Amino acid sequence: MLSKINEAERLMSMALALLDEAGELRAAPHLDMALHELRGVGSTAGVNEEIASASTH
């Protein structure tokens, strides 16, 4: 799951950068907010994955 979240974050960052380059940030008003929230989910998922891994060893 964490790899999928990381991939989504990477793609959203690329999309935001491309829109910024094109001067079209108004085309994606909620993309920056969604990216911020996704990073929070990724951090939580990473911590949960580490805890699960540690508890099985």
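Above this text sits the structure in question.
None of these values were measured; they are calculated from a predicted model. (Residues numbered from 1 in each chain as written. Predicted model: local features only at pLDDT ≥ 70, side-chain atom pairs only at ≥ 80, totals over all residues. Heavy atoms only, no water.)

S.K.: Looking at this structure, I do not really get the nonpolar core. What am I missing?
M.R.: Soluble, globular proteins show a tendency: their nonpolar side chains are buried together. Residues Ile 5, Met 12, Leu 16, Ala 28, Leu 31, Leu 35 and Leu 38 constitute the largest nonpolar core, which totals seven residues. Contributions of two or more residues to this core are made by helix H1 (2–21) and helix H2 (31–55). (Core = buried A, V, L, I, M, F, W, Y, C linked by side-chain atoms within 4.5 Å. Buried < 20%, exposed > 50% of the residue type's maximum accessible area, 1.4 Å probe, protein only. Helix = DSSP H or I, 4+ residues; strand = E, 2+ residues; numbered from the N terminus.)

S.K.: Explain the pattern of salt bridges here, please?
M.R.: Two side chains bearing opposite charge may form a pair once their charged atoms approach each other closely. What the rule picks out here adds up to three salt bridges. For Arg 10, the salt bridge is made with Glu 7, and the minimal N-O distance between the two is 2.9 Å. Of the two residues, Arg 10 and Glu 7 both sit in helix H1, three residues apart, roughly one turn of that helix. Judged by relative accessible area, Glu 7 falls into the partly exposed class, the value being 35%. Salt-bridge contacts for Glu 24 lead to Arg 26; the nearest nitrogen and oxygen are separated by 3.5 Å. (Salt bridge = Lys/Arg side-chain N within 4 Å of Asp/Glu carboxyl O.)

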